[in-house]
Amino acid sequence: MRESIASAPGKVNLLLRSGTPSEDGYHPLLTVFEAVSLREIVVARTRRAPGTQVRTFVYEQVPGQVNDYRLNRAATDSIAKLPEESHLAVRAARALAPLVAAKWGPSAAGLELTVHKTLPVAGGMAGGSADGAAALVAVNDLWELGLNAEQLETLGRTLGADVPACLRGGWAVGVGRGDILTSLPQADTGEKHWWAFAFSRRGLSTPEVFARFDELRLGTDFDQNPKTIMEDPAPYTGALVPQNLVNDLAPVALQLLPELENAGRVATENGALAWTISGSGPTVAALAGTREVAEKIVAAWRNSESLSPHLAGSAVGSGPDRGAHTQKHLPSWVEAAR
Ligand code: C5P
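Conventions used here
- Residues numbered from 1 in each chain as written.
- Predicted model: local features only at pLDDT ≥ 70, side-chain atom pairs only at ≥ 80, totals over all residues.
- Heavy atoms only, no water.
- Near = heavy atom within 4 Å.
- Polar contact = N/O pair within 3.5 Å; in protein donor to acceptor, adjacent residues only side chain to side chain.
- Areas by Shrake-Rupley, 256 points an atom, 1.4 Å probe, with all protein chains shown as cover.
- 1 Å grid on protein atoms, 1.4 Å probe; cavity = no way out; pocket = protein on both sides within 12 Å on 5 of 7 lines; lining within 4 Å.
- Sits in = over half its atoms within 2 Å of the grid points.
- Helix = DSSP H or I, 4+ residues; strand = E, 2+ residues; numbered from the N terminus.
- Nonpolar A, V, L, I, M, F, W, Y, C, P; charged D, E, K, R; others polar.
- Contact = heavy atoms within 4.5 Å.

Draft legend 1. Up close: the site of the ligand. In the neighbourhood of the ligand, the contacting residues comprise Gly25, Tyr26, His27, Leu29, Gly160, Ala161, Arg177, Thr206, Pro207 and Phe210. Within the side chain of histidine 27, one N or O atom sits 2.7 Å away from an oxygen atom of the ligand. In the environment of the ligand, a nitrogen atom lies 3.1 Å from a nitrogen or oxygen atom belonging to the backbone of arginine 177. Relative to its unbound accessible surface of 450 Å², the ligand loses 73% to contact with the protein. Assessed atom by atom at 2 Å from the grid points, the ligand resides in the largest pocket. By residue number, the principal contributor to the shell around the ligand is helix α6 (residues 206-215), which donates three residues. Per-class residue counts for the shell around the ligand are five nonpolar, four polar and one charged.

Draft legend 2. Geometry of the side chain of histidine 193. Tracing the sequence through the fold places histidine 193 in strand β8 (residues 193-200). Of the polar contacts made by the side chain of histidine 193, one reaches the side chain of glutamate 34; its length is 2.6 Å. A polar contact of 2.7 Å, which involves the side chain of histidine 193, links it to the backbone oxygen of glycine 238. Setting aside anything within four residues of it in sequence, one finds histidine 193 in contact with Glu34, Trp171, Tyr236, Thr237, Gly238, Leu240, Leu287, Gly317, Ser318 and Gly319.

Draft legend 3. Representation of unusual backbone geometry. Omega for the peptide link from glycine 281 to proline 282 comes to 5 degrees, which places this bond in the cis form. Within the secondary structure layout, proline 282 lies in the loop between β10 (274-277) and β11 (284-288). Between glycine 319 and the following residue, proline 320, the backbone shows a cis peptide bond with an omega angle of 0 degrees. As for its position among the elements, proline 320 is in the loop between β12 (311-319) and β13 (325-327). With a phi angle near 65 degrees, alanine 126 is a residue other than glycine that sits in the positive phi range. Within the element layout of this structure, alanine 126 appears in the loop between β5 (110-117) and α3 (127-142).

Have a look at this one:
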């Protein structure tokens, strides 16, 4: 039995402008992705029986420990009930199956995937897409398929609009469905953005948020040309100012789940520079000047009696983080959970 391990980052959208849907139902976007340090890990192993099998474990951050997580048994049990066909890690493996068969023969052995999640399910942080991105990289490595980054991105695009951003990492401007990317240069200083993330107990489905966005006629005819951002990326790659965090989908998420506004207010009271909704929501992403402030915000959310019943959890993260890559070892918190 051989195995490969890969991880992929989640994301927060620093900018998300959306127009009205095109004929294929998708909305033209102009977005700036920041890959964040909350990552999904996929272990791909060969197995004798054919087909793909998946097991998924969900973790939560240990309060005060940015790099430590513990198993969330209830969330792990509930994700096991979701159909395998909708798991992006499985869909990624299936997308690569013809290449595996072409290289190793039609009777090539099957695949066992183990997915370790630190990102929320249906949270607007691309958790599902990161599973797909990490699985593409792990399976490509396991079966020595030799696909390069561009080929993986092309394949990733067929799995979901956010998969390319999870593969690429860093800061990237997305146009089209948000899947045609141009990377922004990394800051020379290596300085990070610190975030406090509030995960809502109730999830939001991306198609439903977009449908409501259309009902409310919120789509505008904005300039989809990323040129202005490419010429001056500093408003995103430098110290973020509150006005720069723009998300056209945020009013919809806030209308569907009014309690999110409360999480934003508590974040502001505890030192957040700004807050936004990540993607189609419902995760509230509060920008903090330092890791300490981000930890203070997360603690305030946990201790708020009116808010905590609405939250499934919270975490501190930073960005930009690396795109999907293979790694030799599992982190100690995965080993500890065994
Ligand atoms: O590509 P993905 O499967 O992640 O998209 C999920 C759903 O989100 C789509 O089926 C579509 O309803 C909506 N979507 C959209 N416009 C985009 C991206 C996603 O309408 N640019």
